[in-house]
Amino acid sequence: MTIYNQIGANRRGTWLLMILFVIFVAGIVDLIALALGGSYITGIVVLIVAGGFVTMSYYAAPSMVLGISQAREVKADENPDLYNIVENLCIGSGLPMPKVYIINDTAPNAFATGRDPQHATVVVTSGLLQKLDKLELEGVIAHELSHVKNYDIRLMALVVVLVGLVALAADFMLRFTWFGSGRRASNRGRGEGLAGAIILIAALVAAILAPLAAQLIKLAISRGREYLADASGALLTRYPEGLARALEKISADREPLEVANKATAHLYIANPLKGHESWANNLFSTHPPIGERIRRLRAM
Amino acid sequence: MSAALWVVIGIVAIVALIAIFVWSLYNGLVTSRMQVRESWSGIDVQLKRRSSLIPNLVETVKGYAAHEREVFENVTKARAALMNAGDAKSAAEANNQLTGTLKTLFAVAENYPQLRASDNFMQLQKELSDIEAKIAFARQFYNGNVMSYNTKIQVFPNVLLARSFGFTPADFFAATEVERADVKVSFEKKSA
């Protein structure tokens, strides 16, 4: 596939996934609300409350993430080479200049955060600066800037909220059924006997499986956006080989990134929690397998 | 409700749809053209930065190689041409000329090890090379916008309306023969 085809296909894929996801979440929440004897109103209230939480995290998240990761800001004169690379790529993509941060860790990795291009931050580790040459570093930074340009951070925040919503609703469902309030539902005369029982069973199954399904969908979206950022970044540098070599070097480095944990792992360019690559692991991974990413880059 | 009424409603609906289409098409083209112009000014900024460095560079080299008059003249002429250039096309050509003369200037500087070692020269060389990179990226962004805009005014059905609205294709900032030709470097000592 050409670079342009890859980008287009990726964007359409994400839209499709998001629409299906929203329908899925709305369906689950309503199903559970019905089974518990509530009404559609319950679902709407939950959505509004969750929306409130996401709005708060939307604004606070970048500083929290940077704090957890122990990153420090660099100015133009502190690291002119890095600053120049970011500046040049911003000129090439029409983005405003983001803040640039460094994490003091020898493990090579990078991430970007920020709700839109005007409030973005790009972070690299000191290990990345040491181990990569200029073209490879450009490839990595172009990938991160593409995340900013494609509003991936905003997208993933939305997805995380939806996943949380499903988990909340499922949790609700299981607690109420355990304490036998299914009786309350039938006392109100909702669901004549068999229909009521079917809804109840369906909701129970959903409550157990839905959070898992939601996680899988979220991870599928995350992997798709990683491919998109690879392709967009390659279009920006006009040199996919740079990022391909960088990914090879990063994956060859077996050292885990100390400041990363499960909460922030999805942001990084390569999975910082080093583990074994297997079929099951790939399904649960926030990042596509590095071998496949390199193959697609070299096929452009 | 009579059939005539339905026909009237149908016609009104169709006209409304066409009107909305034309409206959004026009706005889309205006936005695209604005993006082309804005990204052109992005290139212009970098070209001006380079132009302002050049007198300093010429003076530094003159300090060590005063007799290479022809080279200095070419650089100065090309710089003046670029500063006078009006539209994208002539600016692109003037820029390519200037790049060529600068290449010759740096090739000549290779003959003078004292010049090459001087801090001033090295600093200027570094700044110039960074500005060249920025010009390259600005060109890339501009050409991307030009491609998008030119495509928009040429696809069907936009092509039917674009010309009557006054949207003409934009020029790419392209390399010309001067830039594509190899630079010939000669190390023969010229007589003073």
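Above this text is the structure in question.
Bear in mind that the values here come from a model prediction, so they are computed numbers and not experimental data.

## Overview of the environment of Phe 156 of chain B
Residues and elements named next belong to chain B.
Okay, so step 1: With respect to the secondary-structure elements, Phe 156 resides in the loop between α5 (119-154) and α6 (158-165).
Okay, so step 2: Residue Phe 156 is classed as exposed on the basis of its relative accessible area of 67%.
Okay, so step 3: Between the C-alpha atom of Phe 156 and that of Ser 24, which follows or precedes it by 132 residues, the distance is 15 Å.

## Thoughts on the packing of helix α2 (residues 69-84) of chain B against helix α3 (residues 88-109) of chain B
Residues and elements named next belong to chain B.
Okay, so step 1: Packing of α2 against α3 leaves a shortest axis separation of 9 Å and a crossing angle of 160°. Between α2 and α3, the crossing angle belongs to the class labelled roughly antiparallel. In this structure, α2 meets α3 at a crossing whose hand is left-handed. Across from Val 71, Phe 72, Asn 74, Val 75, Ala 78, Arg 79, Ala 81 and Leu 82 in α2, the residues of α3 making contact are Ala 91, Ala 94, Asn 95, Gln 97, Leu 98, Thr 101, Leu 102, Leu 105 and Val 108.

## So, the packing of aromatic side chains
Residue and element names in this part refer to chain B.
Okay, so step 1: Using the criterion set out here, one finds 5 aromatic pairs over all chains in the structure.
Okay, so step 2: Aromatic pair Tyr 26 and Phe 167: ring centres 5.8 Å apart, planes at 65°, arrangement edge-to-face. Placement of the pair is Tyr 26 in helix α1 (residues 3-64) and Phe 167 in the loop between α6 and α7 (177-180), with a sequence separation of 141 residues.
Okay, so step 3: Through a chain of ring-to-ring contacts, the aromatic side chains of Tyr 26, Phe 165 and Phe 167 assemble into a single cluster.

## A closer look at the nonpolar core
Okay, so step 1: Grouped together as the largest cluster of nonpolar side chains are 43 residues, with contacts concentrated most on Leu 57, Val 61, Leu 102, Leu 105 and Tyr 142 of chain B.
Okay, so step 2: Looking at which element gives the most residues to this core, the answer is α1 of chain B, with 11 residues.
Okay, so step 3: In this view, Val 61 of chain B contacts Phe 72, Leu 105, Leu 115 and Phe 121 of chain B; residues no more than four positions away in its chain are not counted.
Okay, so step 4: Leu 89, Leu 128, Leu 243 and Ile 250 of chain A belong to the second largest nonpolar core, which has 36 residues in total.

## A look at a nonpolar patch on the surface
Residues and elements named next belong to chain A.
Okay, so step 1: Judged by side-chain polarity, Leu 174, Ile 201, Val 205, Ile 208 and Leu 209 come together as a nonpolar surface patch covering roughly 460 Å² of accessible area.
Okay, so step 2: Among the elements that make up the nonpolar patch, the one with the highest residue count is helix α8 (residues 194-237) (4 residues).
Okay, so step 3: Relative to the assigned elements, Ile 201 resides in helix α8.
Okay, so step 4: With relative accessibility at 53%, the residue Ile 201 sits in the exposed group.

## What to know about the sheet that holds strand β3 (residues 110-113) of chain A
Residues and elements named next belong to chain A.
Okay, so step 1: Here we have 4 strands laid out as an open sheet, ordered β1-β2-β4-β3, and mixed in their pairing. The strands lining the two open edges of the sheet, one partner per strand, are β1 (71-74) and β3. Taken pair by pair, the neighbouring strands of this sheet meet at an average axis angle of 30°, ignoring direction.
Okay, so step 2: Here β3 runs beside strand β4 (residues 121-125); their pairing, made up of 4 bridges, is antiparallel. Along β4, the bridge assignment pairs Thr 113 with Thr 121.
Okay, so step 3: The sheet strands contacting helix α3 (residues 80-93) are β1, β2 (99-103) and β4, and the helix crosses β2 at an angle near 135°.
Okay, so step 4: Across the sheet, helix α5 (residues 134-149) is in contact with β3 and β4; its angle to β3 comes to roughly 20°.

Procedures and definitions
- Residues numbered from 1 in each chain as written.
- Chains lettered and ligands numbered in written order.
- Predicted model: local features only at pLDDT ≥ 70, side-chain atom pairs only at ≥ 80, totals over all residues.
- Heavy atoms only, no water.
- Helix = DSSP H or I, 4+ residues; strand = E, 2+ residues; numbered from the N terminus.
- Buried < 20%, exposed > 50% of the residue type's maximum accessible area, 1.4 Å probe, protein only.
- Axes fitted to C-alpha atoms, helices over the stretch in contact; angles between N-to-C directions.
- Parallel < 35°, antiparallel > 145°, perpendicular 65-115°, else oblique.
- Left-handed = near helix turned anticlockwise from the far one by under 90°.
- Contact = heavy atoms within 4.5 Å.
- Phe/Tyr/Trp six-rings, centres within 6.5 Å; stacked < 30°, edge-to-face > 60°.
- Core = buried A, V, L, I, M, F, W, Y, C linked by side-chain atoms within 4.5 Å.
- Patch = residues over 30% accessible without salt bridge, like charges linked within 9 Å, V, L, I, M, F, W, Y side chains within 5 Å.
- Areas by Shrake-Rupley, 256 points an atom, 1.4 Å probe, with all protein chains shown as cover.
- Salt bridge = Lys/Arg side-chain N within 4 Å of Asp/Glu carboxyl O.
- Pairing = 2+ DSSP bridges.

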